[in-house]
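Chain residues, written in single-letter form:
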Amino acid sequence: MNPFAQPRPKASVLDAIEGYYLTSTLNHLHRVGLLEQLRSGSTVERLGCHFGYTPDLLAALLEFLVQRTDLVTRSGNEYRLAETYADEYFLGFQLDKFIGGYGPAITSLEESLRREDRGCSLVNRVVESEAYGRFGPPPNPVVLAIMQTVASRSMLDIGCGPATTLTALAKRDGAFRGWGVDVVDSMCDAARARIRRFGFEDRIKIINGDGRDLDAVLPADLREQVEAIQCKSVVNEFFGRGNSGAVAFLRNLSALFPERLLFNVDYYGKLGRVDAIPSQYRHTMVHDVIQALTGQGVPPERKEEWLPIYEAAGVRLEHVFEGDDSGIEWFVHVVKL
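Residues numbered from 1 in each chain as written. Predicted model: local features only at pLDDT ≥ 70, side-chain atom pairs only at ≥ 80, totals over all residues. Heavy atoms only, no water.

Caption draft 1: Representation of the overall build of the chain. Within the chain, the regular secondary structure consists of 16 helices and eleven strands. Here the chain has a C-alpha radius of gyration of 22 Å; the compact-globule value for 337 residues is 20 Å, and the two agree. The C-alpha extent of the chain, read off along each of the three principal axes, is 65 × 45 × 35 Å. For the chain, the proportion of its 337 residues judged to be buried stands at 49%. Within the chain, counting contacts between residues at least 6 apart in sequence, those at least 24 apart form 69% of the total. If you sum the accessible surface of the chain, you get close to 16,300 Å²; carbon and sulfur atoms cover 53% of it. Each charge class in the chain was averaged separately, 37 positive and 45 negative side chains, and the resulting centres sit 2 Å apart. (Helix = DSSP H or I, 4+ residues; strand = E, 2+ residues; numbered from the N terminus. Rg over C-alpha atoms; globule rule 2.2 N^0.38 Å. Buried < 20%, exposed > 50% of the residue type's maximum accessible area, 1.4 Å probe, protein only. Contact = heavy atoms within 4.5 Å. Areas by Shrake-Rupley, 256 points an atom, 1.4 Å probe, with all protein chains shown as cover. Lys, Arg positive; Asp, Glu negative; His and termini not counted. Charge placed at Lys NZ, Arg CZ, Asp CG, Glu CD.)

Caption draft 2: Expanded view of a nonpolar patch on the surface. There is a patch of nonpolar side chains on the surface, built from Val13, Leu14, Ile17, Tyr20 and Tyr21 and spanning about 610 Å² of accessible area. Inspection of the secondary structure assignment puts Leu14 in helix α1 (residues 13–31). Exposure remark for Leu14: the relative accessible area of 62% places this residue in the exposed category. (Patch = residues over 30% accessible without salt bridge, like charges linked within 9 Å, V, L, I, M, F, W, Y side chains within 5 Å. Salt bridge = Lys/Arg side-chain N within 4 Å of Asp/Glu carboxyl O.)

Caption draft 3: Representation of the sheet that holds strand β2 (residues 72–75) within the structure. An order of β1-β3-β2 is seen for the three strands of this open sheet, with the pairing classed as antiparallel. In this open sheet, the two edge strands, each paired with only one partner strand, are β1 (42–43) and β2. Where β2 lies against strand β3 (residues 78–81), four bridges are found, and the strand directions are antiparallel. Across the sheet, residue Ser75 finds its bridge partner in β3, namely Glu78. Its contacts with the sheet put helix α4 (residues 55–68) on β2 and β3, and the angle it makes with β2 is roughly 110°. (Pairing = 2+ DSSP bridges. Axes fitted to C-alpha atoms, helices over the stretch in contact; angles between N-to-C directions.)

Caption draft 4: Main features of the sheet that holds strand β10 (residues 316–325). On the basis of which strands lie adjacent, the open sheet formed by seven strands has the order β6-β5-β4-β7-β9-β11-β10 and mixed pairing. The strands lining the two open edges of the sheet, one partner per strand, are β6 (204–208) and β10. Sheet twist, expressed as the mean angle between neighbouring strand axes with direction ignored, is 15°. The sheet contact formed by strand β4 (residues 154–158) and strand β5 (residues 177–182) spans five bridges and is parallel.

Caption draft 5: The pairing of β6, seen in detail. Note: β5 against β6, five bridges, orientation parallel. Counted as the bridge partner of Trp179 is Lys205 from β6. Regarding the hand of the β-α-β motif, the stretch spanning β5, helix α11 (residues 185–198) and β6 is right-handed. (Right-handed = clockwise from strand over helix to strand, strands pointing away.)

Caption draft 6: Here's a closer look at the pattern of salt bridges. What the rule picks out here adds up to 24 salt bridges. Where Arg39 meets Glu36, a salt bridge forms, and the shortest distance between an N and an O atom there is 3.0 Å. What makes Arg39 partly exposed here is its relative accessible area of 26%. Its salt-bridge partner being Glu78, residue Arg80 comes within 3.0 Å of it at the nearest N-O pair.

Caption draft 7: Quick look at the packing of aromatic side chains. Applying the stated criterion across every chain, the model contains 13 aromatic pairs. Measuring from centroid to centroid gives 5.7 Å for Tyr89 and Phe93, while their planes differ by 20°, and the two rings are stacked. A relative accessible area of 17% places Tyr89 in the buried class. Ring geometry for Tyr89 against Phe135: centres 4.9 Å apart, planes inclined by 35°, an arrangement best described as tilted. Of this pair, Tyr89 sits in the loop between β3 and α5 (92–101) while Phe135 sits in helix α8 (residues 125–135), placing them 46 residues apart in sequence. Positioned above the aromatic ring of Tyr281, the side-chain terminus of Lys270 is 4.6 Å from the ring centre. (Phe/Tyr/Trp six-rings, centres within 6.5 Å; stacked < 30°, edge-to-face > 60°. Lys NZ or Arg CZ within 6 Å of the ring centre and 35° of its normal.)

Caption draft 8: Region of interest: the packing of helix α10 (residues 164–172) against α11. Running from N to C, α10 and α11 point in directions that differ by 15°, and their axes come no closer than 10 Å. Classified by the angle their axes make, α10 and α11 are roughly parallel. Two packed elements cross with a definite hand, and for α10 against α11 that hand is right-handed. On α11, the residues touching Thr164, Thr167 and Lys171 of α10 are Arg194, Ile195 and Phe198. Looking at side-chain class alone, the contact of α10 with α11 contains two nonpolar, two polar and two charged residues. (Parallel < 35°, antiparallel > 145°, perpendicular 65-115°, else oblique. Left-handed = near helix turned anticlockwise from the far one by under 90°. Nonpolar A, V, L, I, M, F, W, Y, C, P; charged D, E, K, R; others polar.)

Caption draft 9: Spotlight on the side chain of Thr43. By the element assignment, Thr43 lies in strand β1. In terms of polar contacts, Thr43 uses its side chain to reach the backbone amide nitrogen of Arg46, at 3.2 Å. (Polar contact = N/O pair within 3.5 Å; in protein donor to acceptor, adjacent residues only side chain to side chain.)

Caption draft 10: Representation of the environment of Val150 in the model. Mapping Val150 onto the fold places it in the loop between α9 (141–149) and β4. Here Val150 falls in the partly exposed class, since its relative accessible area comes to 42%. Remark: the alpha-carbon pair of Val150 and Gln296, spanning 146 residues in sequence, is separated by 33 Å.

Caption draft 11: Up close: unusual backbone geometry. Positive phi, normally seen in glycine, also occurs at Arg118, with a value near 55°. One non-glycine residue, Ser326, lies in positive phi territory at about 55°. Within the fold, Ser326 resides in the loop between β10 and β11 (328–336).

Written out as structure tokens, the structure is:
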């Protein structure tokens, strides 16, 4: 069962207060490794002894989680992490991304509300990068399939993260060559570690640079070798001040890589774009909040809102693939630059 796909009613004040205590408890127990211990089950006595915690308070907090979340269960005096959260994606990754990584932008809300970049510079990129490095988010299968169909043997991955798409393509095709660009130092480190693990250092190169400044980051002779481009969760960063940032980014890509295929892999935003958001899109709403908190803005809500952006950038939308997973409406727009 996917825990993110379950609809919930709107939160009351008491729900919000309860959520604050639950979040604080969960995040702490995660950071110290106690939640990991619960994967195999344990008692308060063993946990208290291992971590040096006062048993009565630890028991109260664990019982709070049992009574008010679907994360922890109890059988007799043994507490255990629910099987639903056995997958790292549904627990550790989400806590590290939304709380460890983006949390400072909300806990320092006064700063975020006053700064020109909102809370962007407050994000803990090291924690975020470590989360992506551990989880290794899978490449989009649509992109892999199309790359095979069009027999494309090279890709530039802008905002490459831990390079899961590039390594997947390299594993499938011994002649594939790839370049990944990411502005975050620690994310580049995670990508290079993954590439070394698979032995692809000679075929995949990671460049620490800004995807908005590709003419300076990538020399012309390298750009000529690129057959396809992926922007996965990248273009959504350019909606902090309307559509102009996204248009400028796409127009620059078209000038540097004319006639190439672009895979715009992203999600449809909801917050501020839909009057009544269905509760199954809570995951989307949380993501929309961090988009707003970090000055990226909430991206368009449907394909039709992307069309004028592509038209203004002078590029053409050729194919659209859409899906719904874990409370996120994702898409792959195949664009001809």
